[in-house]
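Examining the three-dimensional arrangement
Chain by chain, the residues run as shown.
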Amino acid sequence: MSRVAEVFESLEYGPAPESTDLAEAWLDRYQRSFGHFIGGIWSDEGEGDRFDVANPATAQVIASLRQGSAGDVAKAVDAAREAQSGWWALGPHGRARYLYAIARHIQKRARLLAVLESMDNGKPIRESRDLDVPLVARHFYHHAGWAQLMEDAFPGHEPVGVVGQIIPWNFPLLMLAWKIAPALAMGNTLVLKPAEFTSLTALLFAEICGDVGLPAGVVNIVTGDGDTGAALVGHPGVDKIAFTGSTDVGRIIREATAGSGKRLSLELGGKSPFIVFGDSDLDSVVEGVVDAIWFNQGEVCCAGSRILVQEGVAETLELKLRARMETLRLGDPLDKSVDMGVIVSPAQLERIEGLVAQGRTEGAEVWQPSWSTPREGSFYPPTLCTNVAPSGTLAQVEIFGPVVVLMTFRTPSEAVAMANDTRYGLAASIWTENINLALDVAPKVKAGTIWVNCTNVFDAASGFGGYRESGYGREGGEEGLWEYIRPVWQADASEEVEPEPNRPRSRSRASGDASPAAAAAEISTAVPPIDRTAKLYIGGKQARPDGAHSLPVYGADGALLGEVGRGNRKDVRDAVEAARSAQSSWATRTAHNRAQILYYLAENLLVRADEFTRRLGAVSGRPDDAVAEMDASVARLFTYAAWADKWEGRVHHTPFRNVTFAMKEPIGVMGVVCPAAHPLLGFVSCVAPLIAVGNTVVAIPSEVGPLLATDLYQVFETSDLPPGVINVVTGARPEMVPTLAAHDDVDGLWFFGPREASAEVERASAGNMKRTWVSYGQARRWLDSTQGQGEEFLRQATQVKNIWVPYGE
Ligand code: NDP
């Protein structure tokens, strides 16, 4: 008879299959044929074709779905529009009750939801049962709370309206919850398009909406492929698009919605670093890697797909990882003791195989465990790649499969540089027993979520979302709710008439000659005959424009006030370079120090109040308004000096033994095209909030009053403003804005100007997915004294990074 310890030596797992009976019965109830859920009823008419969905583990067809046409999408949007005012009128408590009921029903049907999810997507039942579905319920409970608290938490805000939501196949039900719960809580109605491969749990969710008596049209589900998604994106009745998926499709959506006024949040791809310092607990690290890249077969946008390990422990970690990979169990997703299920589709499997083959040709060494992978179904084994160059395909391209690369570093700063050597910025893990090191590195890694000594932990109370080409906007937590509301003052979308630059006096106007030569001639008749051409301001120095051209600036009475440099593409690029080199040192100064500099700017501006007021009066022709604008500008500098050390983050109550810090970080290098009206107040209103929170700025001032910005150079120079923090390029907008909007090293752009030009800015921003905030021809309203300052500006100037720090033994 063998002893217990010996039994453990050779113990094998037996099969532990989860029953599919419940799910099969549910599918049969619908004869395995589904339509769309529109206006509270199942609609199976329309011109769209049908398509089959298969269980990826068995390749068996499990249901037939309707391909949503543009007509179906239009019907769903109409239903959502019709329902929206009633849903909003229901009030916070009414909406909270429905969200609470949805959460309860999800819990009651948890088993069916988990089995159906695993059958449809191929993820292990262990994960759908223990992670996806509980988190979905948690999301609805949490957001039932936000619905209840909306009036207190977000005074002066209202729902965006009708929201179009498009989700991918990797977490079908969880992504649905991340989208639907906050939208409903804030009083919006919606149309959701699930992924073509994985729509079944969304359809079961529709049934749950019916069961809880959710008013018809509040939630509409339209199935179909990318064309259905594109129809939803393009529908003029949609006020906002919330998208999760690939960066390529995110870019298409950014371009397609440009100029439409639709709000946009994008949760896109990633190539997240998993940084292991030499002092880490390597056994914990190994389990971390399992969760980082083999969870959900690596089909996770924030998968830790790049292990960056400190050289001294690299070999040990590699050996430990190989040993652990040998014990991973891959197989039937419905087997309760399986660690890894099946890849969602043959097409995705082919993509993974193709990328790994490409990596091999580039010299990668590819290691897989010795056990064999099932032949039937789209299975792919856990895979560890070494000898990969940081620029190699495997290190740069999002594989979306169970493939991890391991690369080494020597110093913390090298680790940070390698971590940031990607176009993405979704998440990162940092492993070290040294809390100082972890919290030193966390702010330096450009990613929306940082997990310290943990990975892939999520909760409804914490925001999730990207930096850089991983997209913008947050899902979850207080920060996620801002995506679904807007200030009441933004509701009026009517376009204003933009002020034009003043024209020269009638003599020049008659000849129509506003050329620099004519201007120079005009200056020569004035006294004193000195050069009054203001230069550009780049890197703390006054710089001549590259093109050596200037533009005349006239007062309201047509008198020549002076000339400004006519900046071109090269000047914009120089300014961006200066802003970039100043950015990290400005961002890492203390908030107190930035506040001091803003106060100093106000103080020095005030010293020259008479001169600025005269100039403002000459530009506008309204001396009284000039006094008010001058006073408001000084006050506004004070406001942002005050905010600089008060625009704080939060600590989220996530239900683990950890603290989750939601830090507000600057976006980086920001372009700002200032409003034409109020040339001084407009400049201050945009630039001050941006620099208060640590951004550096390339500003294109008002074309009506650019001299108000150039007059500020001397104020900058006497106020301890470090070089490169504010850069000013004057000139003609059409010659500079496209360069700024398309520049890959500009992280965000505010544009205050007409609707058409706003649309072009949004379109051009898609290149590097920079964040944009455009006024669609409403600059004056935005800058009104009550609205032109405050939290909305600061929110647009920052992005939230969530840092998860566990504690305890
Ligand atoms: P996509 O970005 O193509 O799909 C995401 C969603 O958008 C799906 O519902 C899709 O429909 C829909 N869609 C596709 N084209 C359009 C369009 N032009 N307009 C509007 N909606 C559209 O991702 P895939 O599923 O094709 O996966 C491709 C790659 O994207 C993966 O290999 C992975 O690298 C990455 N990815 C990243 C995810 C993330 O969370 N970051 C999630 C999923 C994928 P349908 O699928 O029905 O065609």
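Quantities reported herein were computed from a predicted structural model and do not represent experimental measurements.

1. Some points on the packing of aromatic side chains
With the rule as written, the count across this model stands at 30 aromatic pairs. With a centroid separation of 5.6 Å and an interplanar angle of 85°, the aromatic rings of Trp643 and Trp647 are classed as edge-to-face. Given the relative accessible area of 11%, Trp647 is considered buried. Taken together, the aromatic side chains of Trp489, Trp750, Phe752, Trp773, Trp782 and Phe793 make up a single cluster linked through ring pairs. Positioned above the aromatic ring of Trp647 is the side chain of Lys664, whose terminal nitrogen or guanidinium carbon lies 3.7 Å from the ring centre. Across the ring face of Trp482, the terminal group of Arg795 is positioned such that the distance to the ring centre comes to 3.4 Å.

2. Re the pairing of strand 9 (residues 240–244)
Taken across its five residues, strand 9 has five buried, putting it largely inside the fold. Of the strand pairs in this sheet, strand 6 (residues 162–166) and strand 9 are connected by four bridges, and their pairing is parallel. Looking at strand 9, one finds that Ile166 is bridged to Phe243. Relative to strand 10 (residues 263–267), strand 9 runs parallel, the two being bridged by five bridges. Across the sheet, the residue bridging to Lys240 is Arg263, located in strand 10. Of the crossover connections in this fold, the one passing from strand 9 over helix 10 (residues 247–257) to the parallel strand 10 is right-handed.

3. What about the sheet that holds strand 15 (residues 403–409)?
The sheet built from ten strands is open, its strands ordered 13-14-15-12-11-16-17-32-26-25 with mixed pairing. If you trace the sheet from one side to the other, it starts and ends with strand 13 (365–367) and strand 25 (650–652), each paired once. Neighbour-to-neighbour, the strand axes of this sheet turn through a mean angle of 25°, independent of strand direction.

4. Observations concerning the site of the ligand
Lining the immediate surroundings of the ligand are 27 residues, of which Ile167, Trp169, Glu196, Ser246 and Leu268 lie closest. Contact between the ligand and Ile167: an oxygen atom at 2.8 Å from a main-chain N or O atom of the residue. Broken down by secondary-structure element, the contributors of at least two residues to the shell around the ligand are helix 9 (226–234), strand 9, helix 10 and helix 13 (346–361). The dominant element in the shell around the ligand, judged by the number of residues it contributes, is helix 9, at three residues. Its residues placed into classes, the shell around the ligand shows 13 nonpolar, nine polar and five charged.

5. Looking at the confidence of the model for the protein chain
The predicted coordinates of low-pLDDT regions are not to be read in fine detail. Scored by pLDDT, the protein chain comes out at a mean of 94, with 96% of its residues at no less than 70. Per-residue pLDDT stays below 50 along residues 508–512; that stretch engages in four contacts with residues further than four places along the chain or on separate chains. Between residues 523–529, whose pLDDT stays under 50, and residues either more than four places distant or in other chains, the model counts five contacts.

Quick notes on the rules
- Residues numbered from 1 in each chain as written.
- Predicted model: local features only at pLDDT ≥ 70, side-chain atom pairs only at ≥ 80, totals over all residues.
- Heavy atoms only, no water.
- Phe/Tyr/Trp six-rings, centres within 6.5 Å; stacked < 30°, edge-to-face > 60°.
- Buried < 20%, exposed > 50% of the residue type's maximum accessible area, 1.4 Å probe, protein only.
- Lys NZ or Arg CZ within 6 Å of the ring centre and 35° of its normal.
- Helix = DSSP H or I, 4+ residues; strand = E, 2+ residues; numbered from the N terminus.
- Pairing = 2+ DSSP bridges.
- Right-handed = clockwise from strand over helix to strand, strands pointing away.
- Axes fitted to C-alpha atoms, helices over the stretch in contact; angles between N-to-C directions.
- Near = heavy atom within 4 Å.
- Polar contact = N/O pair within 3.5 Å; in protein donor to acceptor, adjacent residues only side chain to side chain.
- Nonpolar A, V, L, I, M, F, W, Y, C, P; charged D, E, K, R; others polar.
- pLDDT = per-residue confidence, 0-100.
- Contact = heavy atoms within 4.5 Å.

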